[in-house]
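# Remarks on the overall topology
Listed below are the residues making up each chain.
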Amino acid sequence: MKICYFIQTHKSPDQIYRLVRTIKRSSPDSQILINHNFNRCDLDLTPLQNLSDIHLLQNQEYLIRGDFSCQVQPYLNAINWLFENNSDFDWLINLTGQDYPTQPLSETEKFLANTDSDGFITYWDIFADQIPWDRDKGFKRYYCIYWRIPGKYSYVFLKGFQQLPLVKKMTWLKFYLTYGPLIGIPCRSTPFNKEFICYGGRAWYTLSQKCVEYIKNFVDSHPEFVAYYQGTVVPEESFVQTILVNSKSFNLVNDDRRYIDYKGAVAGSPRTLTIQDYATITNGNFHFARKFDLKPDTEILDKLDTLIFN
């Protein structure tokens, strides 16, 4: 069985090198695809040249957080690369440069080899009760179309603009400053209905080859669906879920097998994990965890290495 690890990165080359070396040491036959945002920092793969089956995908777009170009399009590019290059992968796991395994990859791969499931992906109907989001969050993200305001002072302008008394009365106007500055309006027409539900979830998936192939075929045959999501905000937390869950063709486990702590999250970014989290993230319920930061403290990663390699 062969696993492809797709890693999206934007900073800390040394931490990227460490993650890649850990994956290849723990899973020598794995394939690794890297999509790096060179607008944030440079990345030279020379330090990894002694490792096989590692590929740096060429990304020509300027990646903007919360935009289709940031995570969804690179993910689709990776899928296209896999099929264009006749990769013999069985599973595709997407990661970031700040992820790390929480158990030996041999255990994760044995788990995937023996499962009857087709994918591990967190999802929920964005209008259902008792979900992690409130009702307005899903509507604001995926039932509205947005425009990015250009200019050096656009953030300050839009922040002040939305506080104007007259603008406050325009409840149909939607603003996104965290991922913006963006201004939007509800769409007159969406792809969603009772038979094709809008799903939300987390942007991390472990998917079988047949799920990945289905995504490719769906995207190729539904350009209007892609165009619609290109106008939404944070599409990576809905795009794949909406395609796969609505297909009703797969045995999907509603669990992405990742540990991520969003308590006290700042601007949508999860808490950085430390040695105090070791017992929790290695309890056997998770395959990977995020996020880690190599610079202030390597203790947690060193201890994970001991677990992974022993």
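Check the entry above for the structure.
Below or above, wherever it landed, is the structure these notes cover. (Residues numbered from 1 in each chain as written. Predicted model: local features only at pLDDT ≥ 70, side-chain atom pairs only at ≥ 80, totals over all residues. Heavy atoms only, no water.)

## Looking at the packing of aromatic side chains
In total, this model carries 27 aromatic pairs according to the counting rule given. Where tyrosine 143 meets phenylalanine 192, the ring centres are 5.2 Å apart and the plane angle is 40°; that geometry is what we call tilted. Of this pair, tyrosine 143 sits in the loop between helix H4 (135-142) and strand S7 (144-148) while phenylalanine 192 sits in the loop between strand S9 (182-186) and strand S10 (199-208), and the two are 49 residues apart along the sequence. Residue tyrosine 143 is classed as buried on the basis of its relative accessible area, which comes to 17%. Across from the ring centre of phenylalanine 309, 3.7 Å away, lies the NZ or CZ of arginine 25, which sits over that ring. In this arrangement the basic side chain of arginine 141 is found over the ring face of tryptophan 133, its NZ or CZ atom lying 4.9 Å from the centre. (Phe/Tyr/Trp six-rings, centres within 6.5 Å; stacked < 30°, edge-to-face > 60°. Helix = DSSP H or I, 4+ residues; strand = E, 2+ residues; numbered from the N terminus. Buried < 20%, exposed > 50% of the residue type's maximum accessible area, 1.4 Å probe, protein only. Lys NZ or Arg CZ within 6 Å of the ring centre and 35° of its normal.)

## Quick notes on empty space enclosed by the protein
One pass over the full model with this rule turns up 1 cavity of 30 Å³ or more. Quantified by volume, the largest cavity comes out at close to 60 Å³. Forming the walls of the largest cavity are Gln8, Gln71, Val72, Tyr75, Asn94, Ala203, Tyr205, Glu236, Phe239 and Val240. Secondary-structure elements contributing two or more residues to the lining of the largest cavity are helix H2 (72-84), S10 and helix H9 (239-247). (1 Å grid on protein atoms, 1.4 Å probe; cavity = no way out; pocket = protein on both sides within 12 Å on 5 of 7 lines; lining within 4 Å. Points joined across faces, edges and corners; volume = space filled by probe spheres on them.)

## Here's the deal with the sheet that holds S7
Taking strand neighbours across the sheet as the criterion, the 3 strands line up as S7-S9-S8 in an open arrangement whose pairing is antiparallel. Two strands in the sheet have a free side with no partner beyond their single neighbour: S7 and strand S8 (174-176). Each neighbouring strand pair of the sheet contributes to a mean axis angle of 30°, computed without reference to strand direction. By the bridge criterion, 3 bridges tie S8 to S9 in an arrangement that is antiparallel. Residue pairing across strands places lysine 174 opposite glycine 184, the latter belonging to S9. Across the face of the sheet, H4 comes into contact with S7, S8 and S9 while running at roughly 60° to S7. (Pairing = 2+ DSSP bridges. Axes fitted to C-alpha atoms, helices over the stretch in contact; angles between N-to-C directions. Contact = heavy atoms within 4.5 Å.)

## Description of helix H1 (residues 13-26)
The end-to-end C-alpha distance of H1, which contains 14 residues, comes to 20 Å, matching closely the 20 Å that a straight helix rising 1.5 Å per residue would cover. The buried count for H1 comes to 10 of 14 residues, which makes it a mostly enclosed element. (Expected span 1.5 Å × (residues − 1).)

## With respect to the pattern of salt bridges
Within this structure, the stated rule accounts for 12 salt bridges. Here aspartate 99 and arginine 290 are joined by a salt bridge, their closest N and O atoms 3.0 Å apart. Taken together, the residues aspartate 99 in strand S5 (residues 99-101) and arginine 290 in strand S13 (residues 288-290) connect sequence positions 191 residues apart. A salt bridge links arginine 141 to glutamate 237, with the nearest nitrogen and oxygen atoms 2.6 Å apart. Separated by 96 residues along the polypeptide, arginine 141 in helix H4 and glutamate 237 in the loop between helix H8 (223-229) and H9 bring together distant segments of the chain. A single burial state applies to arginine 141 and to glutamate 237, both of which are buried. (Salt bridge = Lys/Arg side-chain N within 4 Å of Asp/Glu carboxyl O.)

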